Each structure stands twice: as structure tokens, then as C-alpha cells.
Amino acid sequence: MVNETIEAVKPVSSGDIIASLNGQLADWSVLYVKLHDYHWHVKGPNFYTLHAKFEELYTEAAAFVDEVAERVLALGGKPTSTMKRYLEQSAIAEASGSEDATAMVRSLVSDFTGIVERLKQAAEQADDAGDGPTADLLITKREQVQKHLWMLRAFLG
């Protein structure tokens, strides 16, 4: 007879999902500000391409922030909503204000790589809790970010 140890799986609570979503709010809010910085300060031969791309990305970020905050509210939580809290909770570093165009894109590749992983973790957490709508929201965003990563990496060559 084989003794099997079965670890108790801690159920995921809506509080855990809300905390993950607030982490997403923090990441995407800091990213939103960073993308504005890049949009306003990009220079060089790729100005037009990057200026437009950064605007596309911050517009997308703003829409996602709103979706996530509304999901937090729908789950009965309170969305994080101050820059102080965003900066405390975010894994995204602010722009330094001195990046050149290539450094901006490299920074976004790094940011999006981390975001893809955190979206995956949060989606799995929501799925494990039986929260399909939250999982779907995060999976859809992960797919979009993966496409952005492909394009930004291609830009870098």
C-alpha cells in the first residue's frame, strides 16, 4: 500500500482575486503614466512610429484600468485608486525621463514580459476560484500584451 500525502488546497477567495486585480490596477496605472512620458519625450528617426504606438498603448492601458476597477467593484471590493498605492504595489518602474527611443522600447519589453506572467497567475487564480469572467478578462488582456511584445521585440530586431 502506497501512502500518498495529499496537500490541502486552500480555496481562493474573492479577497485574493480582488488583491490580484488591484495589483493589475497598480501595474497598468504606472504603465499608463510611463507610456505618456515616452509619448511626450520620444525623439529620433522612429519618432512618428513610436509616438503613435505609445499613444495606442496608453489608450489601451486606460481602458483596461477602467475594466479592472469595475470588475473589482462587481466582486464587492474597493479598487486601488491613488498613485501612492500604485507605486507601492506595482512591479513596473516609473520612467526615468532620460531614456532614448531604444531604451524606451526595451523597458516596455521588460514591463510587458512581467505583466504577461502576472496576468497568467491572476487568470489561473480566478479560474481556480471558479470566477470565469475575471479569468476571461485577464486571459484576453494577456493575449493582447503578448502581441505587443512580439511587435516591440521585432522593432528592436
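Provided above is the structure to which this section pertains.
Residues numbered from 1 in each chain as written. Predicted model: local features only at pLDDT ≥ 70, side-chain atom pairs only at ≥ 80, totals over all residues. Heavy atoms only, no water.

Participant: Any chance you could explain helix H4 (residues 101-128) here in plain terms?
Facilitator: Because an α-helix packs 3.6 residues into every turn, residues spaced three or four apart end up facing the same way. Compared with the 40 Å implied by 1.5 Å per residue over 28 residues, the 40 Å span of H4 between its first and last C-alpha is a close match. A distance of 3.2 Å separates the backbone nitrogen of Thr-102 from a side-chain oxygen at the start of H4, and that oxygen is part of Asp-100. Remark: Gly-130 follows H4 within two positions and exhibits a positive phi of approximately 75°. (Helix = DSSP H or I, 4+ residues; strand = E, 2+ residues; numbered from the N terminus. Expected span 1.5 Å × (residues − 1). Polar contact = N/O pair within 3.5 Å; in protein donor to acceptor, adjacent residues only side chain to side chain.)

Participant: Would you explain the packing of aromatic side chains in this entry?
Facilitator: How two aromatic rings sit relative to each other is given by the distance of their centres and the angle of their planes. As enumerated under the stated definition, the model contains 5 aromatic pairs in all. Seen from their ring centres, Trp-28 and Phe-112 are 6.4 Å apart, and the 40° between their planes marks the pair as tilted. A residue pair is termed long-range when its members are at least 10 positions apart, and Trp-28 in helix H1 (residues 14-41) and Phe-112 in helix H4 qualify at 84 residues. By relative accessible area, which is 1% here, Phe-112 ends up buried. On the basis of an interplanar angle of 50° and a centroid distance of 5.6 Å, the ring pair of Tyr-38 and Phe-54 is categorised as tilted. (Phe/Tyr/Trp six-rings, centres within 6.5 Å; stacked < 30°, edge-to-face > 60°. Buried < 20%, exposed > 50% of the residue type's maximum accessible area, 1.4 Å probe, protein only.)

Participant: Please explain the packing of helix H2 (residues 47-74) against helix H5 (residues 132-156) as it appears in this structure.
Facilitator: Packed helix pairs are specified by the crossing angle of their axes together with the interaxial distance, meaning the distance between the axes. In contact at an axis separation of 12 Å, H2 and H5 are set at 165° when each is read in the N-to-C sense. Considered as vectors, H2 and H5 are oriented roughly antiparallel to each other. Every pair of crossing elements has a handedness; the one defined by H2 and H5 is left-handed. For the pair formed by H2 and H5, the contact residues are Leu-50, Lys-53, Glu-56, Leu-57, Glu-60, Phe-64, Glu-67, Val-68 and Arg-71 on the first element and Pro-133, Thr-134, Leu-137, Leu-138, Lys-141, Gln-144, His-148, Met-151 and Phe-155 on the second. Residue composition of the contact of H2 with H5, grouped by class: 9 nonpolar, 3 polar and 6 charged. (Axes fitted to C-alpha atoms, helices over the stretch in contact; angles between N-to-C directions. Parallel < 35°, antiparallel > 145°, perpendicular 65-115°, else oblique. Left-handed = near helix turned anticlockwise from the far one by under 90°. Contact = heavy atoms within 4.5 Å. Nonpolar A, V, L, I, M, F, W, Y, C, P; charged D, E, K, R; others polar.)

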